[in-house]
Amino acid sequence: MEPAKTGQKETIQPDNGMDEQLCPGGGRHAAGEDPAKREQILEGARRAFMNQGFDAASMNDITREAGVSKGTLYVYFENKEDLFKALIIQGKTRVVQTAKHALNDHDDVEESLFDFGVTLTTSMTAEETIRSMRMVIGVIDRMPHLAERFFSEAPENGYTVLKAYLDRQVPAGTLDIDNTEMAARQFIEMAQAGLFKHRLFGGMCSAPPREQIEGTVTAAVRVFMAAYGPKKTA
């Protein structure tokens, strides 16, 4: 449904019934509260941004990709910046939760670090992640808050998740670290050494093969444990 054009500022009303989907209990979702519809719109926005880039993609493009009207789109999201922010949060949450599970699935510290490093580096060098980061960098001068949202540590990111893990290992005696925040950043940098920045800035045209990621992370774990493993007593 296109908004009526008048001499006043456009007011966009949602389509009748399009955003009032039936709930499992037989009721209807209030306007803008149907999670399935919201996800449908986000998936359409993701395709539009990936295909055309943030600047070139319009709200009309997003409505076509999502299969909804513009009225319905504006019930859920104010503008394409709002959509992009939602996609950033969604993507970060998915990556962090996957990495957290990998970190906590083992009792052995080296196995935990290895799985965490492989999972995080695989996610960070994936095509969609790299293209999203490039879009953020492309608009950073005029939309610095987008970059803040992308790189923010709230509520969680790879560094905070790893730091929390290291904070539990130090009192348990499995690691000997004075500054767990620095150690977490050091490990992540080593786990992505020669991979992430090459991907981001075009030195590597496609995601690195798993064997290369595993080799890089294995070396990172070895160096990390040499520096922060439990000290041997005489």
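Residues numbered from 1 in each chain as written. Predicted model: local features only at pLDDT ≥ 70, side-chain atom pairs only at ≥ 80, totals over all residues. Heavy atoms only, no water.

Identification of the chain as AcrR family transcriptional regulator from Ensifer adhaerens is taken from an unreviewed UniProt entry.

A.B. asks: Please provide a residue-by-residue account of the pattern of salt bridges, values included.
C.D. replies: In total, this model carries twelve salt bridges according to the counting rule given. Among the ionic pairs, Glu128 bridges to Arg46, the shortest N-O distance being 2.7 Å. Of this pair, Glu128 sits in helix H6 (residues 127-138) while Arg46 sits in helix H1 (residues 35-52), and the two are 82 residues apart along the sequence. By relative accessible area, Glu128 is classed as partly exposed at 36%. Taking relative accessible area as the criterion, Arg46 reaches 10% and is therefore assigned buried. Note that Glu81 and Lys85 form a salt bridge whose closest N and O atoms lie 3.7 Å from each other. Of this pair, Glu81 and Lys85 both sit in helix H4 (residues 80-104), four residues apart, roughly one helical turn. (Salt bridge = Lys/Arg side-chain N within 4 Å of Asp/Glu carboxyl O. Helix = DSSP H or I, 4+ residues; strand = E, 2+ residues; numbered from the N terminus. Buried < 20%, exposed > 50% of the residue type's maximum accessible area, 1.4 Å probe, protein only.)

A.B. asks: Which residues make up the side chain of Gln90, and what values go with them?
C.D. replies: Mapped onto the elements of the fold, Gln90 is located in helix H4. Taking relative accessible area as the criterion, Gln90 reaches 16% and is therefore assigned buried. Excluding residues within four positions of it along the chain, Gln90 makes contact with Glu39, Leu42 and Arg46. (Contact = heavy atoms within 4.5 Å.)

A.B. asks: Describe the nonpolar core, and please don't skip the residues or the numbers.
C.D. replies: Counting residues in each nonpolar core, the largest one holds 34 residues, and the members touching the most others are Leu113, Phe116, Leu162, Leu166, Phe187 and Phe224. Looking at this core, the elements that each hand over two or more residues are H4, helix H5 (109-124), H6, helix H8 (158-172), helix H9 (180-191), helix H10 (196-200) and helix H11 (210-228). Here the element with the most residues in this core is H11; it accounts for seven residues. With sequence-adjacent residues up to four places away left out, Phe224 is seen in contact with Leu113, Leu166, Leu175, Ile177, Ala183, Phe187, Met190 and Gly229. (Core = buried A, V, L, I, M, F, W, Y, C linked by side-chain atoms within 4.5 Å.)

A.B. asks: An account of the packing of aromatic side chains is requested, with residue identities and associated values reported.
C.D. replies: If you walk through the whole model with that rule in mind, you get five aromatic pairs. An aromatic cluster of three or more residues is present, and its members are Phe49, Phe54 and Phe84. Lying over the aromatic face of Phe54, Lys80 brings its terminal NZ or CZ to 4.9 Å of the ring centre. Arg185 extends its terminal NZ or CZ atom over the ring of Tyr159, reaching a point 4.3 Å from the ring centre. (Phe/Tyr/Trp six-rings, centres within 6.5 Å; stacked < 30°, edge-to-face > 60°. Lys NZ or Arg CZ within 6 Å of the ring centre and 35° of its normal.)

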